[in-house]
Amino acid sequence: MIKKKIIIKGPKVHDVGYRLFLLDEAEDRLIPFFSVKNIRNTAQVVEVLVCGEEDKVERFIEFVTNNYPDDAEVISVSVDDYEGDIRTIESFSRSFSISQLSKIARTGVAMLNLQSNMNDTLSDVKDTQSNMNDTMSNMNET
């Protein structure tokens, strides 16, 4: 088993589905230990940790070096040996799913608040229109 740390840098490597893209590939290649996170520095960075059989990890690295999500803009991919702990791919997958569901929930709440504000605005517009209609009716009667 070998452990590697992969650093992906570029002007657009966050918010393009990179973590899911890499998780999917790691699962396809049966990588048993895997973790990936976005790092916010002066530049956008994605840090990937992998551990598994040498041939599987090497093929994963080859994939990561040559393939990117559609909207990603990558400047460099570097690979180094890694000595620390790496969580299981199942543990990462669970944690990642929970974080994504949390984002969806926050977005849903924001959309509901926006819809409520729009309904209030429409109600105000209807009241204004009704007042204008009453005023016009009064003007026509005189």
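Structure: above.
Residues numbered from 1 in each chain as written. Predicted model: local features only at pLDDT ≥ 70, side-chain atom pairs only at ≥ 80, totals over all residues. Heavy atoms only, no water.

## A closer look at the side chain of S93
Basically, it comes down to this: The helix count covers DSSP runs of H or I at least four residues long, the strand count covers runs of E at least two residues long, and both are numbered beginning at the N terminus. Throughout this description, buried means an accessible area under 20% of the type-specific maximum (1.4 Å probe, protein chains only), exposed means over 50%, and partly exposed covers the range between. Whether two residues are in contact is decided by their heavy atoms, any of which lying within 4.5 Å being enough.
Looking at where S93 falls in the secondary structure, it is placed in helix α3 (residues 89–141). A relative accessible area of 18% places S93 in the buried class. Discounting residues that sit within four places of it in the chain, S93 has contacts with L23 and E27.

## Some thoughts on the pattern of salt bridges
To keep things clear, this is the line we draw: A pair is scored as a salt bridge if a Lys or Arg side-chain nitrogen falls within 4 Å of a carboxyl oxygen belonging to Asp or Glu.
According to the stated counting rule, one finds 6 salt bridges in the structure shown. A salt bridge links R29 to E25; the nearest nitrogen and oxygen atoms lie 2.6 Å apart. For R29, a relative accessible area of 23% corresponds to the partly exposed category. Where R59 meets D55, a salt bridge forms, and the shortest distance between an N and an O atom there is 3.4 Å. A residue pair is termed a helical-turn pair when its members lie 3 or 4 positions apart in one helix, as R59 and D55 do in helix α2 (residues 54–66) at 4 residues. Through salt bridges that share partners, K5, K37 and E47 make up one connected network.

## Thoughts on the packing of helix α1 (residues 18–28) against α3
The condition is simple: Here, axes are lines fitted to C-alpha atoms. For helices the fit covers the stretch in contact, and angles between N-to-C directions go from 0 to 180 degrees. Here is the rule for angles: anything less than 35 degrees is roughly parallel, anything more than 145 is roughly antiparallel, 65 through 115 is roughly perpendicular, and the remaining ranges are oblique. Handedness of a crossing is defined here by the sense of rotation of the near helix relative to the far one, left-handed for an anticlockwise turn of less than a right angle and right-handed for a clockwise turn. Three residue categories are used. Nonpolar comprises Ala, Val, Leu, Ile, Met, Phe, Trp, Tyr, Cys and Pro, charged comprises Asp, Glu, Lys and Arg, and polar comprises the others, including Gly.
Orientation of α1 relative to α3, taken along the N-to-C sense of each, is 150 degrees, at an axis distance of 12 Å. What the angle tells us is that α1 and α3 run roughly antiparallel. α3 is crossed by α1, and the crossing has left-handed handedness. In contact with R19, L20, L23, A26 and E27 of α1, α3 contributes I89, F92, S93, F96, Q100 and K103. Broken down by class, the residue content of the contact of α1 with α3 amounts to 6 nonpolar, 2 polar and 3 charged.

## Quick notes on the packing of α1 against α2
The geometry of α1 relative to α2 is characterised by a closest axis approach of 10 Å and an angle of 150 degrees between their N-to-C directions. When the axes of α1 and α2 are compared, the pair comes out roughly antiparallel. The handedness of the crossing between α1 and α2 is right-handed. Counted together, F21, L22, E25 and A26 of α1 and F60, F63 and V64 of α2 form the full contact between these two elements. Residue composition of the contact of α1 with α2, by class: 6 nonpolar, no polar and 1 charged.

## Examining the pairing of strand β3 (residues 44–52)
Note on strand geometry: in a regular strand, side chains alternate between the two faces of the sheet. We apply this condition: Strand pairing is assigned whenever DSSP detects at least two bridges linking the two strands.
For β3, a buried count of 8 out of 9 residues is recorded, marking the element as mostly surrounded by other parts of the structure. Note: strand β1 (residues 2–10) against β3, 9 bridges, orientation antiparallel. Paired with K4 across the strands is V50, a residue of β3. The antiparallel pairing of strand β2 (residues 33–40) with β3 creates a hairpin that spans 3 residues between the two strands.

## Section: α1
Operational definition: In this description, the arc belongs to the directions extending from the helix axis to the C-beta atoms.
Among all positions in α1, only Y18, R19, L22, L23, E25 and A26 are buried. The buried residues of α1 all sit within an arc of 165 degrees when viewed along its axis, so they share a single face. Of the residues in α1, the exposed ones pointing more than 90 degrees away from the buried face are L20 and D28. Turning to α1, the residues buried within the fold contact β1, β2, β3, α2 and α3.

That is the geometry; function is a separate question.
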